[in-house]
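# Analysis of the macromolecular model
Okay, here's what each chain looks like letter by letter:
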Amino acid sequence: MTPAPTLHFLITAGPTREPIDPVRFISNRSSGKMGYALAEAAAGAGHEVDLISGPVAIPVPADPRIRLVPVESTRQMYEAVKARLGEADVAIMAAAVADYRPVQVSSQKVKKSQQGDWVLHLQKTEDILGSAREALGFAGFLVGFAAETENLEAYAREKMKRKRCDLMVANDVSQPGIGFDSEENEVWLFHADGGCERLPRAAKTVLARELVRIIERLARDRMRATST
Ligand code: CTP
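Let me sum up the structure you'll find in this document. (Residues numbered from 1 in each chain as written. Predicted model: local features only at pLDDT ≥ 70, side-chain atom pairs only at ≥ 80, totals over all residues. Heavy atoms only, no water.)

Turning our eyes to something else, we now look at helix α1 (residues 33–44). Since the α-helix advances by 3.6 residues per turn, residues separated by three or four positions end up pointing in the same direction. Its twelve residues place the ends of α1 16 Å apart at the C-alpha level, agreeing with the 16 Å of an ideal helix rising 1.5 Å per residue. For α1, the tally of buried residues reaches nine of twelve residues, placing the bulk of the element in the interior. Listed in full, the buried residues belonging to α1 are Met 34, Gly 35, Tyr 36, Ala 37, Leu 38, Ala 39, Ala 41, Ala 42 and Ala 43. (Helix = DSSP H or I, 4+ residues; strand = E, 2+ residues; numbered from the N terminus. Expected span 1.5 Å × (residues − 1). Buried < 20%, exposed > 50% of the residue type's maximum accessible area, 1.4 Å probe, protein only.)

Structure, rendered in structure tokens:
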């Protein structure tokens, strides 16, 4: 039997940072562990990976199948995705993107002596996952992540529909020890066709291998269905 052809994965990982001035920024608790584990798992399964990563404390992956594209801001992540999405068969948006950026970025450090309370005016950043289908014309298998603290299924399904994903990986970040900045995770998979399954609590590296197996199978099914 001939081996199945290699797929091209694009994965976003980690947080993004939105500068306020040269020393301050807005960001979040994402460690990037889930995105990097997915990249390692996809490369380990023989696939090519573009890993577009915000600032994280994880060593550069050694696997030559992984091309790391480091970025800082949401706009940089958006541009890096835009430049590479056309080559991807599968896109997994695991990054915890900063949803807002300061409207004005000060070129000098803002001094406390200049003001009392400090009111920041924020504007929405680009929705990278939400742009994939229409603005960026992506026709491959699209996976989103949903970190929620309540109404997991309803919010994840609404996000999946709004951002036109094939699959949503959802986790309850109110539970201690899983999700953001943890070694472990427990996720629910919501499929666009209505199905759902739970992947029980496990190390992110173990979950990532399971997720890549499932995503690979679904992506190949979708490719077969759209080519006939
Ligand atoms: N995402 C993205 N670009 C953004 C915000 C989110 O690509 N600017 C992606 C994330 O990588 C994730 C998915 O969208 O795959 C869901 O992210 P989330 O922040 O939970 O969704 P939001 O649309 O921001 O919804 P809300 O803030 O209402 O929960």
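A word on the pairing of strand β1 (residues 8–13). Counting buried residues in β1 gives six out of six residues, a clear majority hidden from the surface. Both β1 and strand β4 (residues 48–53) contribute to a ladder of six bridges, which runs parallel. Across the sheet, residue Leu 10 finds its bridge partner in β4, namely Asp 50. In terms of strand pairing, β1 meets strand β6 (residues 90–93) through four bridges, oriented parallel. (Pairing = 2+ DSSP bridges.)

Below, the discussion takes up the sheet that holds strand β5 (residues 66–70). Taken in spatial order, the eight strands of this open sheet run β5-β4-β1-β6-β9-β10-β11-β12, and their pairing is mixed. Each end of this open sheet is capped by a strand with a single partner; those strands are β5 and β12 (196–203). Averaged over all pairs of adjacent strands, the angle between strand axes in this sheet comes to 20 degrees, irrespective of strand direction. Here helix α2 (residues 74–84) sits on the sheet in contact with β1, β4, β5 and β6, set at roughly 160 degrees to β4. (Axes fitted to C-alpha atoms, helices over the stretch in contact; angles between N-to-C directions. Contact = heavy atoms within 4.5 Å.)

Our next topic: the site of the ligand. Neighbouring the ligand are 14 residues; Met 93, Ala 95, Leu 129, Lys 159 and Lys 163 lie closest to it. Contact with the protein chains removes 76% of the 570 Å² of surface that the ligand exposes when unbound. For the shell around the ligand, the secondary-structure elements that each account for two or more residues are α3 (128–132), β9 (141–148) and α4 (152–162). Broken down by class, the residue content of the shell around the ligand amounts to six nonpolar, two polar and six charged. (Near = heavy atom within 4 Å. Areas by Shrake-Rupley, 256 points an atom, 1.4 Å probe, with all protein chains shown as cover. Nonpolar A, V, L, I, M, F, W, Y, C, P; charged D, E, K, R; others polar.)

Okay, the pattern of salt bridges next. Taken as a whole and assessed by the stated rule, the structure comprises 20 salt bridges. With its nearest N and O atoms 3.0 Å apart, the salt bridge here joins Lys 33 to Glu 183. Of the two residues, Lys 33 is situated in helix α1 and Glu 183 in the loop between β10 (167–172) and β11 (184–191); the sequence distance between them amounts to 150 residues. A residue is classified by how much of its surface remains accessible, and Glu 183, at 54% relative accessible area, is exposed. (Salt bridge = Lys/Arg side-chain N within 4 Å of Asp/Glu carboxyl O.)

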